[in-house]
Amino acid sequence: MEFEAFLLSLGTSAFIFLVLMFLFTWLSRRPGNVSIYYPTRILKGMDPWEGSSLTRNPFAWIREALTSSEQDVVKLSGVDTAVYFVFLSTGSNILSLCSFCLVDFVASDLVLGIFALSSLLILPILLPLAATDKSIKNTRNVTDATSKGTFSQLDNLSMANITRKSSRLWAFLGAVYWISLVTYFMLWKAYKHVSTLRAQALMSADTIPEQFAILVRDIPSPPNGQTHKEFIDSFFRDIYPETFYRSLVVTENRKVNKIWEGLEGYKKKLARAEAIFAATSNRPTNKTGLLGLAGKKVDSIEYYTDLINESVAKLKTEQKKVLAEKQQTAAIVFFTDRVTAALAAQSLHSQMVDTWTVTEAPEPRQILWENLNIKFFTRLIRQYLIYFIVAITILFYMIPIAFVSAITTLANLQKAIPFIKPVVKITFIRTILESYLPQIALIIFLAMLPKFLMFLSKSEGIPSRSHAVRAASGKYFYFSVLNVFIGVTLAGSLFDNLKALEQKPNSIVTVLATSLPKNATFFLTYVALKFFVGYGLELSRIIPLIIFHLKKKYLCKTEAEVKEAWYPGDLRYATRVPSDMLILTITFCYSVIAPLILVFGVIYFGLGWLILRNQALKVYVPSYESYGRMWPHIHTRILAALFLFQVVMFGYLGVKLFVWATLLVPLIVISLIFGYVCRRKFYLGFQHTALEVACRELKQSPDHEEIFRSFIPHSLSTHKPEDHQFKGAMSRYQDYAAISAA
């Protein structure tokens, strides 16, 4: 990429971000859009604007985000969201400590002091060392360039400008050590903080239903004359005679779920028909055939009323059948206190590992009921089979990504499609294509993958949604690193690399190290596109806003349909965390080779912290709470990214013929030891609830029957409390809609 194309890409992305930010400021003040920009506050019964509507300052949302505390995030969006911001601030701080930064989101004197120290060690040292090495200009090889042979201004600020065997390489070796030490320090500090945050949340004086329950799987067949429930109750009553409360046996619910879902669908259609009748005074009709387009024409209100009555009768019959005949080999077991439940979840209840398997109960809303009956060894087989499928997917997905990455370089695109040569000769079009084409192609390819990985994760037999999200996130991260980072690095000069590997098959490390600098400008542009355009769209919420107004105008007839149209969902950690981790990996690996990327990385994490803080406080609604269980996985993947960075720098210093590159070997070993120590010290506190946490007293005695009912699946429950929160949210939304109409 030419330097002018890089600047155009950067400037265009920044301009788009500014436009989207000012668009957000204007649109978010309109009362008719309140449900898109403030759904969290509406659902909590709060004033959406809280005085911000009285000012015309377009940066008021920034002040609100910066002044919000971690407890504000926990209160409005949960512990998982607060832990995610620990990751963003850790990523931002790690990169800030490795460069310099003018914004400190944590407002800590310690961090500001380290900023000043680090500014003396990385950019002010490495950039001048690279820029002033004149000896390489006469001998530089194309393979050293960060801009694929254009020898642009960016090359003069990178490690590619350093002569082989130069004594200046000592500074770059020292930079690797500095970045690694900063990372160790920040990760240790963050792990301790998240552990405390999780403990404080679990020590809440409020009743948390899952703290009084355990999940039991792989239950043996009951003796003759006993039902599953009787067998389970007698087993746990013998072990915990004073604190055992009761059990809920898992049942096979496929058919009853289908009937219940049909019933809920009929209720929505009836409500819609009644709303149409109330608005027009004309009784609506529909056809009973395929998709309502064929068949007999009937009165909709009468038709859906009859279907509801039929479905209610079917549901009651099937519920009785399920409870009597379809009990499975899993159960939720309840206790009268939290300490016993925590003890039971950590104890071995059977001599055989494949029977009476006990874990902590997930939140009721995130249980994957269909997975609970899967046997122990079946789960193991599924797990390894899924790993194999993911490995194959990574391998074969690399082929189209590598192909697209190779083809979308402008030179190769002209070879593949010769007739575009006259168009490409136009300077403006050529610049645009060079700036955006490869990055957009890569983003589109990545967008196709998450649902498939989530399906695979759930197929392992995982019992909860949050666990499935963590599993899918891990798969997506390793996929991104192997396919995007390494794949694009090699594919950027695919045809040359294939020739090199054909001549020397054992030279893959050298080929990777040699290819890495040539893609620096690609990844600089990729990171800039992600934080300017990606976060600009996130803040403005243009697409959800358009979809909402189209649905509201042409499709929605009832309050429930309007809520479904504006309901935002959660932060989607399964894709968001791996995407952030990819940026962190890219920034790590180029932080010494092309130090300017540190600035881009700091902007990405800093801007992400700011914008997503606003979204967490005002927009997204958590769909589950795991109390920070994602953190150990985030920690491990940050270390994996650091490990890759250290290996890459070992290889690149070797390409530079720097004999002291072997000094990085102890650092790689230290990273492994650090990961082991962190896991031994902290991980069990995330896998289980510590007894010192569980023993705290509650505000009031828990309602054990209410706890039990909270775990009953909707399709089997006859107890359905009114959704007061939803009613309050809808009434507030109608008030703002009325203001807008006026």
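Computed from a predicted structure; not experimentally measured.

**Side note on the overall build of the protein chain**
- When you go through the protein chain residue by residue, the secondary structure sums to 32 helices and six strands.
- The proportion of buried residues among the 742 residues of the protein chain is 54%.
- In the protein chain, once contacts between residues fewer than 6 apart in sequence are set aside, the share between residues at least 24 apart is 81%.
- Total accessible area on the protein chain is roughly 34500 Å²; 63% of this is exposed by carbon and sulfur atoms.

**Observations regarding empty space enclosed by the protein**
- Scanning the model with the defined rule gives seven cavities of 30 Å³ or more in all.
- The volume enclosed by the second largest cavity comes to roughly 90 Å³.
- As for the second largest cavity, its lining consists of 13 residues, of which Asp80, Tyr573, Tyr624, Ser626 and Met630 are closest to the centre.
- For the lining of the second largest cavity, the per-class residue count stands at eight nonpolar, three polar and two charged.

**Here's the deal with unusual backbone geometry**
- Positive phi outside glycine occurs at Ser281, with the angle close to 65°.
- Summarising the element assignment, Ser281 is placed in the loop between α11 (254-280) and β3 (285-287).

**Quick word on the packing of helix α25 (residues 573-590) against helix α26 (residues 597-618)**
- Across the interface, α25 lies against α26 with an axial gap of 8 Å and an inter-helix angle of 160°. Taken together, α25 and α26 sit at an angle that is classed as roughly antiparallel. In the crossing of α25 with α26, the sense of the turn from one axis to the other is left-handed. Residue-level inspection shows Arg576, Ser579, Asp580, Ile583, Leu584, Ile586, Thr587 and Tyr590 of α25 in contact with α26, the latter providing Ile597, Leu598, Gly601, Tyr604, Phe605 and Leu612.
- Considering only residue class, the contact of α25 with α26 consists of nine nonpolar, three polar and two charged.

**Examining the nonpolar core**
- Grouped together as the largest cluster of nonpolar side chains are 138 residues, with contacts concentrated most on Phe87, Val592 and Trp631.
- The element best represented in this core is helix α9 (residues 169-202), accounting for 18 residues.
- Among the nonpolar cores identified, the runner-up in size contains 18 residues, and Ile232, Phe236, Phe244 and Val249 belong to it.

**A few points about the confidence of the model for the protein chain**
- Looking at the protein chain as a whole, its pLDDT mean stands at 81, while 77% of the residues score no less than 70.
- For the protein chain, per-element mean pLDDT is lowest for helix α7 (residues 109-119), which scores 36, and highest for strand β1 (residues 213-217), which scores 96.
- This stretch, residues 100-119, has a pLDDT under 50; its non-local contacts, to residues over four places away or in other chains, come to 34 contacts.
- Between residues 719-742, whose pLDDT stays under 50, and residues either more than four places distant or in other chains, the model counts 33 contacts.

**Some thoughts on the environment of Glu360**
- Turning to its location among the elements, Glu360 is positioned in strand β6 (residues 357-360).
- When the C-alpha atoms of Glu360 and Ala344 are compared, they prove to be 8.4 Å apart, with 16 residues separating the residues in sequence.
- Aside from chain neighbours lying at most four places away, what touches Glu360 is Leu215, Ala345, Arg629, Gln687, His688 and Thr689.
- At a separation of 2.6 Å, a polar atom in the side chain of Glu360 contacts the side chain of Arg629.
- Polar side-chain contacts of Glu360 include one of 2.6 Å to the backbone nitrogen of Thr689.

Calculation notes
- Residues numbered from 1 in each chain as written.
- Predicted model: local features only at pLDDT ≥ 70, side-chain atom pairs only at ≥ 80, totals over all residues.
- Heavy atoms only, no water.
- Helix = DSSP H or I, 4+ residues; strand = E, 2+ residues; numbered from the N terminus.
- Buried < 20%, exposed > 50% of the residue type's maximum accessible area, 1.4 Å probe, protein only.
- Contact = heavy atoms within 4.5 Å.
- Areas by Shrake-Rupley, 256 points an atom, 1.4 Å probe, with all protein chains shown as cover.
- 1 Å grid on protein atoms, 1.4 Å probe; cavity = no way out; pocket = protein on both sides within 12 Å on 5 of 7 lines; lining within 4 Å.
- Points joined across faces, edges and corners; volume = space filled by probe spheres on them.
- Nonpolar A, V, L, I, M, F, W, Y, C, P; charged D, E, K, R; others polar.
- Axes fitted to C-alpha atoms, helices over the stretch in contact; angles between N-to-C directions.
- Parallel < 35°, antiparallel > 145°, perpendicular 65-115°, else oblique.
- Left-handed = near helix turned anticlockwise from the far one by under 90°.
- Core = buried A, V, L, I, M, F, W, Y, C linked by side-chain atoms within 4.5 Å.
- pLDDT = per-residue confidence, 0-100.
- Polar contact = N/O pair within 3.5 Å; in protein donor to acceptor, adjacent residues only side chain to side chain.

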